[in-house]
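Observations on chain architecture
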Amino acid sequence: MNQQFELFDIDNPCIGVCESNKKGYCFGCLRSRAERQRWHHMTTEQQREVLRLIAGRKLRIELMRLRKNEQLGFDFEEEVEMGLLF
């Protein structure tokens with residue numbers, strides 16, 4: 001397999017929101033504890049893999065939010081036709 005020469009370093013995905021959930025994933029960058037701790041010691045390929053994992057995590061979060069909104073969503077502006085009771 002050919003190795004591609006890197007002209008630029010891969011930027012650290014940290015956005016400065018450094019809080020973790022119960023499983024250790026950061027709310028800001030979506031990296032695990034290990035991924036955050038090892039970032040500066042990773043190869044470019046390893047960093048790319050972490051970015052790929054982050055993209056998948058972000059997609060799953062968005063899908064969960066959409067499903068939650070579908071379940072909780074009510075259209076209060078929609079007029080519902082009510083029949084006469086008597």
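Presented here is an overview of the structure given in this document. (Residues numbered from 1 in each chain as written. Predicted model: local features only at pLDDT ≥ 70, side-chain atom pairs only at ≥ 80, totals over all residues. Heavy atoms only, no water.)

Thoughts on the nonpolar core
Across soluble globular proteins, nonpolar side chains have a tendency to be buried as a group. What counts, and what does not: Take the buried Ala, Val, Leu, Ile, Met, Phe, Trp, Tyr and Cys residues and link them wherever side-chain atoms come within 4.5 Å; each set so joined is a nonpolar core. Exposure is judged per residue with a 1.4 Å probe applied to protein chains only, and the accessible area is read against the type maximum: over 50% gives exposed, under 20% gives buried, and values in between give partly exposed. The contact criterion used is simple: two residues touch if any of their non-hydrogen atoms lie within 4.5 Å.
Counting 5 residues, the largest nonpolar core consists of Leu30, Trp39, Met42, Val50 and Ile54. Non-local contacts of Ile54, meaning those with residues more than four positions away in its chain, are made with Pro13, Cys29, Leu30 and Arg31.

Concerning the pattern of salt bridges
Should their charged atoms come close, side chains of opposite charge can pair. Using the following cut-off: The salt bridge criterion pairs a side-chain nitrogen of Lys or Arg with a carboxyl oxygen of Asp or Glu, the two atoms within 4 Å. In this text, helices come from DSSP runs of H or I with a minimum length of four residues, and strands from runs of E with a minimum of two, each type numbered from the N-terminal end.
According to the stated counting rule, one finds 3 salt bridges in the structure shown. The salt bridge involving Arg52 is made with Glu49; its shortest N-O contact spans 2.6 Å. With Arg52 and Glu49 both in helix α2 (residues 44-72) and 3 residues apart, the pair spans about one turn of that helix. The exposure class of Arg52 is partly exposed, given its relative accessible area of 49%. Residue classification places Glu49 among the partly exposed residues on the basis of a relative accessible area of 35%. Arg65 serves as the salt-bridge partner of Glu62, at 3.3 Å between the closest nitrogen and oxygen. Note that Glu62 and Arg65 are positioned in helix α2 at a spacing of 3 residues, about one turn of the helix.

Description of the side chain of Ser32
Along the chain, the position of Ser32 falls in the segment before α1 (33-38). When its relative accessible area of 15% is taken as the criterion, Ser32 is described as buried. Excluding its chain neighbours within four sequence positions, the residues that come into contact with Ser32 are Gly24, Tyr25 and Arg57.

A word on unusual backbone geometry
Backbone geometry places Leu30, a non-glycine residue, at a positive phi of 65 degrees. The topology assignment puts Leu30 in the segment before α1.

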